[in-house]
Each structure stands twice: as structure tokens, then as C-alpha cells.
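# Residue-level structural notes
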Amino acid sequence: PERPEALRGAAQKGAEGRDKAHATGDPRTLAPTDAVLFCVKSFDTASAAEAIRPAIGPETAVVSLQNGVDKQDTLARVLGPGHAVGGVAWVFAAIEAPGVIVHRLGGRMAFGELDGRTSPRLEQLHAAFTQAGVPTTFFHTSFYWDNLIHFGMGPRKGADGKLIFALPMGDR
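Each value, and the rule that gives it
- Residues numbered from 1 in each chain as written.
- Predicted model: local features only at pLDDT ≥ 70, side-chain atom pairs only at ≥ 80, totals over all residues.
- Heavy atoms only, no water.
- Core = buried A, V, L, I, M, F, W, Y, C linked by side-chain atoms within 4.5 Å.
- Buried < 20%, exposed > 50% of the residue type's maximum accessible area, 1.4 Å probe, protein only.
- Helix = DSSP H or I, 4+ residues; strand = E, 2+ residues; numbered from the N terminus.
- Contact = heavy atoms within 4.5 Å.
- Pairing = 2+ DSSP bridges.

If you look at the biggest cluster of nonpolar residues, it comprises eleven residues: Val36, Phe38, Ala48, Ala49, Ile52, Ile56, Val62, Leu75, Val78, Leu79 and Ala84. Mapped by element, the contributors of at least two residues to this core are β3 (33-38), α2 (45-51), β4 (56-64) and α3 (71-79). It is α3 that contributes the most residues to this core, three residues altogether. Sequence-distant contacts of Leu79, that is, excluding residues within four places in its chain, are made with Ala49, Ile52, Arg53, Ile56 and Val62. Formed by nine residues, the second largest nonpolar core is a distinct cluster that contains Ala61, Val63, Val85 and Phe138.

Here is the structure:
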């Protein structure tokens, strides 16, 4: 309750100063939108997806910026097929006070359709982020493969200097 109220007049502080953000604690007040940046803890995925249903139109891209491996499956189960989009954000920010988010470092995103194809909706989203000054790139294979490669689970040098492909499996 405190956070949505504070977010109604939210300000994001970055190098260029303050920018106002539109936020609501009640997604039922939103009309269907072109895209949703889905940024909740993985254990809240199903309930948060259910809550945003009023903002989901037939072509709405729901870009998951979450950790975890089954988030897109959960989004598809709750919202229906075709909405979930894989995404990653490299942004370091902190909450300075209720409703004030301070941008500390970074500021780029990557996203892609789960099957790796290019789509008009993501081309439009890429253009919107570019116009806003946020560097973005596409995942061009499948989101799952690119995510694996980009986040430290891919090729790296072994003790002998040769490349190895390491996958974190098990408890060691």
C-alpha cells in the first residue's frame, strides 16, 4: 500500500535530473497497452500477471525482467500464449525515499521473442526505448539460449587456457 501511493508521483533521478513516471497501484485503471515491463519477484509472477490482465490487449508484449527459468511459462499460463517476451535489464538503482528511485549506473536492455524471431511489436518497443535514450538490443536466437550465453553460464577459459562451456548443475 505505501509503495503504490508513493509511486503515484514517482520521480526517477538520473544524470539529467528528475523524470516523472506514471504509476498506479490498481492495474484495473489502465487501458490495454502496447507493452508491460514486468518487474516482480519470481514468486509473485502468477498473482502479478493476474493483476495486470486489464492492461493486456491482443498484441501486448509482456517483457519479463525477472530472474528465474520458468517465468515465461507462468506468464503464458496466466495471460495466454503470445504475450511473454524474454528480457534483461542492466540497471543499478536504489530507492532513496518512497517514490524516489535513484539511477546509479548502467541503463541498457535486451529483449526478444521467445522463439528468436523479430516482430513488429518489439521493433516498436526498441524504437521507443531508443527515442528515450535507453540503449536496447535484441536476442536473435532464442531468448533461453541468449540468456544462457550472456550471463556467465557460457564459454569461459579453463585452467589450461582452453574454452570450456560451464553449466551450473547440482549443488557444487
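Relative to the helices and strands, Thr74 resides in helix α3. Setting aside anything within four residues of it in sequence, one finds Thr74 in contact with Thr45 and Ala46.

Further remarks concern the pairing of strand β6 (residues 100-112). In this sheet, β6 lies alongside strand β5 (residues 84-97) in antiparallel orientation, the contact comprising eleven bridges. By the bridge assignment for β6, Phe92 is matched with Leu105. What sits between β5 and β6 in their antiparallel hairpin is a turn of two residues, with Gly99 showing a positive phi close to 85°. The sheet contact formed by β6 and strand β7 (residues 136-138) spans three bridges and is parallel. Residue pairing for β7: Ala110 is matched across the bridge by Thr137.

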